[in-house]
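Analysis of the macromolecular model
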Amino acid sequence: MNALTPLSEATALPLTCAGLLPFDHPLFAGLPLSDIAEIGSVMSCHRFKDDALIAADDVPLVGIILAGAVARIAQQGDQVSTVGLLLPNDLLILEGPRTAAIHSEAVGLTEILGCSAPEFDALLRRFPKLQLNYLDLVASELQATREWYTLLGRKTAPERVATLILKLSRHSDHPDSPVIDLRLTRDRIGTLLGLKMETVSRQIRAFAKLGIIALFSPTKIEVLDHGALMQATGDVWREKTML
C-alpha cells in the first residue's frame with residue numbers, strides 16, 4: 001500500500017501531512033529505522049472535518065494524531081458523554097470489549113497518520129517491540145481516561161476550564177510561540193467539559209481579568225502565569241491533602 005494514499009476517500013480530505021512519520025514517537029521506541037520505515041509504509045495520512053467519525057472505510061482507525069484533536073465519545077441509551085480528549089502526538093488506540101460503546105470524533109480539522117485496525121493488529125503480531133510499546137501507550141491512555149473522569153466528576157467549572165487550557169498549552173502545535181490556539185469554540189469546550197457555553201466564556205474572561213491568560217481572539221490565548229493556572233486546576237491542593 002502506498003503510504004501517501006488515504007484508506008478512505010469518503011472520510012479523508014486532501015493530504016497535507018504526507019512524509020511526516022514521527023520517528024521519535026514512543027510507539028517506535030527501540031525499533032530499527034528499517035522496521036519503522038516498513039511500519040510507516042502501511043500508514044496513510046487522513047484528514048477529518050469537525051465532528052467526523054474517525055474511521056477508514058467504516059473500519060476503526062489506529063494512529064498518531066498530527067494536528068487537531070479527537071474526542072472519545074461514550075453512548076449509553078440516549079445519554080452521550082465525552083470520556084477523553086486526545087491531542088497532537090497522542091495515539092488513537094484500538095477498541096477493546098469494554099470500550100466497544102466508545103467511538104472517536106474529530107474536534108476541528110484533524111490529521112491522523114494511521115491505518116485500519118486489522119492492519120495495525122497485523123503489525124503488532126509482526127513486530128514484538130511495537131506490541132510492547134503499544135501496550136505501554138495503552139496503559140497511559142487508560143490513566144488519561146481516569147484523569148478525565150476526575151476532571152468531570154470532581155472538579156468545579158473554573159477547575160475544569162483551567163485544566164483544559166493547561167492540557168492544550170502542553171500540546172501546542174507551536175511550542176516556541178507563547179500564543180496557544182485552543183482550536184475549540186466556547187460551545188465545543190462546554191460540550192467536552194459538561195458545561196454551558198456561557199459558563200465557559202465567563203470562566204475564560206475571569207482568568208483574563210486575573211492576569212492568568214491574555215485573549216487575542218475567540219480561540220487564541222497566551223498563558224501569562226503558569227503557576228496561577230496550575231493552582232486554578234485544583235490539582236495542587238488535592239495533592240497536598242493526600243500527603
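Here the structure is a predicted model, which is why all the values come from computation and not from measurement.

**Overview of the overall build of the protein**
Helix and strand counts for the protein come out as 8 helices and 9 strands. Looking at the protein residue by residue over its 243 residues, the buried ones come to 47%. Sequence separation of 24 or more characterises 71% of the internal contacts of the protein that already satisfy a separation of 6 or more. A total accessible area of about 12600 Å² is found for the protein, and carbon and sulfur atoms account for 56% of it.

**Considerations on the pattern of salt bridges**
Any two side chains of opposite charge can pair, given that their charged atoms come close. Scanning the model with the defined rule gives 7 salt bridges in all. Where Asp-50 meets Arg-188, a salt bridge forms, and the shortest distance between an N and an O atom there is 2.8 Å. Note that Asp-50 is positioned in the loop between β1 (44–48) and β2 (55–56) and Arg-188 in helix α5 (residues 186–193), a separation of 138 residues in sequence. For Arg-188, a relative accessible area of 13% puts it in the buried group. Salt-bridge contacts for Asp-121 lead to Arg-125; the nearest nitrogen and oxygen are separated by 2.5 Å.

**Focus: the confidence of the model for the protein**
On average, residues of the protein score 82 in pLDDT, and 83% of them reach the 70 mark or higher. Per-element confidence in the protein ranges from a low mean pLDDT of 53 for helix α8 (residues 235–242) to a high of 95 for helix α6 (residues 197–209). Of the regions scoring below 50 in pLDDT, residues 1–16 engages in 44 contacts with residues more than four places distant in sequence or in other chains. Contacts of residues 238–243 to residues separated by more than four positions or lying in other chains number 4 contacts, the stretch itself having pLDDT below 50.

Reading the values: rules and limits
Residues numbered from 1 in each chain as written. Predicted model: local features only at pLDDT ≥ 70, side-chain atom pairs only at ≥ 80, totals over all residues. Heavy atoms only, no water. Helix = DSSP H or I, 4+ residues; strand = E, 2+ residues; numbered from the N terminus. Buried < 20%, exposed > 50% of the residue type's maximum accessible area, 1.4 Å probe, protein only. Contact = heavy atoms within 4.5 Å. Areas by Shrake-Rupley, 256 points an atom, 1.4 Å probe, with all protein chains shown as cover. Salt bridge = Lys/Arg side-chain N within 4 Å of Asp/Glu carboxyl O. pLDDT = per-residue confidence, 0-100.

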